[in-house]
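So you can see what is in the structure, the chains are spelled out below.
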Amino acid sequence: MVEPTVAGRPACVRLCGLRSEPIDVREAYDAVLTPASGGVALFVGTVRDQDEDRAVTRLSYTPHPTADRVLSEVVAGVLADHPADAVAVLHRVGELAVGDVAVVVGVSCAHRGDAFDGCRALIDEIKHRLPVWKHQHFADGSDSWVGSP
């Protein structure tokens, strides 16, 4: 059976993309709610105030021009192994402050275990494959770039 698609993505993908404006976690949650879903798993990644015992003051994410395409491929690939009722994936780009939402992944399935498994697989694969560079700024005035795949 061929999975129906919308704009080249599996039909269950309700949100998928990079955003320069703040991410609303409720938008992702609402997008994955379905009457058939008994379980919804959300992962929300936020900017923390430290990295390796150094105080972080802010950071920025810079995407490679292929980042949207790669994100869609990652989602489709994970869904091949972890079917879901609905999926939402949003990753922030640009300048972020400590506490800002950097990424949200939502997965709904008939059962909670499948929702957890799909959500974990998605965020792990996004972290591994998405070509987005993180530029961290520290309280001591130094900075560092964290590479992407």
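Our subject is the structure that appears above.
Residues numbered from 1 in each chain as written. Predicted model: local features only at pLDDT ≥ 70, side-chain atom pairs only at ≥ 80, totals over all residues. Heavy atoms only, no water.

Visitor: Just checking my understanding: could you explain the nonpolar core for this structure?
Guide: Note on soluble globular proteins: their nonpolar side chains tend to be buried together. Ranked by size, the top nonpolar core spans 31 residues in total, and within it Val75, Val87, Val89, Val105, Val107 and Leu122 carry the most contacts. Looking at this core, the elements that each hand over two or more residues are strand S3 (13–19), strand S6 (54–63), helix H2 (67–81), strand S7 (86–92), strand S9 (101–109) and helix H3 (112–129). What valine 107 contacts, discounting residues up to four positions off in sequence, is Val32, Gly39, Val40, Ala41, Ala84, Ala86, Val87, Ala115, Gly118, Cys119 and Leu122. (Core = buried A, V, L, I, M, F, W, Y, C linked by side-chain atoms within 4.5 Å. Buried < 20%, exposed > 50% of the residue type's maximum accessible area, 1.4 Å probe, protein only. Helix = DSSP H or I, 4+ residues; strand = E, 2+ residues; numbered from the N terminus. Contact = heavy atoms within 4.5 Å.)

Visitor: Got a minute to help me understand the pattern of salt bridges in this structure?
Guide: Note that side chains of opposite charge can pair when their charged atoms are close. Under the defined criterion, the tally for this structure stands at nine salt bridges. Arginine 129 is the salt-bridge partner of glutamate 73, the closest N and O atoms lying 3.8 Å from each other. One end of the pair, glutamate 73, is in helix H2; the other, arginine 129, is in helix H3, with 56 residues separating them in the sequence. The exposure class of glutamate 73 is partly exposed, given its relative accessible area of 35%. Through salt bridges with shared partners, a single network forms among Arg69, Glu73, Glu125 and Arg129. (Salt bridge = Lys/Arg side-chain N within 4 Å of Asp/Glu carboxyl O.)

Visitor: Just to check I follow, could you spell out the state of the cysteines for this structure?
Guide: By definition, a disulfide links the sulfur atoms of two cysteines through a covalent bond. Going through the model one piece at a time under the given rule, you end up with zero disulfides. In this structure cysteine 16 is not part of a disulfide, and its nearest cysteine sulfur, from cysteine 12, lies 11 Å away. Overall, cysteine 16 belongs to the buried group, its relative accessible area being 13%. Left without a disulfide partner, cysteine 119 is nearest to the cysteine sulfur of cysteine 109, which lies 9.6 Å away. Relative accessible area serves as the criterion here: at 5%, cysteine 119 is assigned to the buried category. (Disulfide = S-S within 2.5 Å.)

Visitor: Sorry, what's going on with the pairing of S6 here?
Guide: Note that strand S5 (residues 50–51) and S6 share two bridges and pair antiparallel. Within S6, the position partnered with glutamine 50 by the bridge is alanine 55. Count of turn residues in the S5/S6 antiparallel hairpin: two residues, of which glutamate 52 carries a positive phi of about 50°. Direction of pairing for S6 relative to strand S10 (residues 132–138): antiparallel, over a ladder of seven bridges. Paired with tyrosine 61 across the bridge in S10 is lysine 134. One ladder, built from four bridges, connects S6 with strand S8 (residues 94–97); its direction is antiparallel. Bridge assignment links leucine 59 to a residue of S8, and that residue is leucine 96. (Pairing = 2+ DSSP bridges.)

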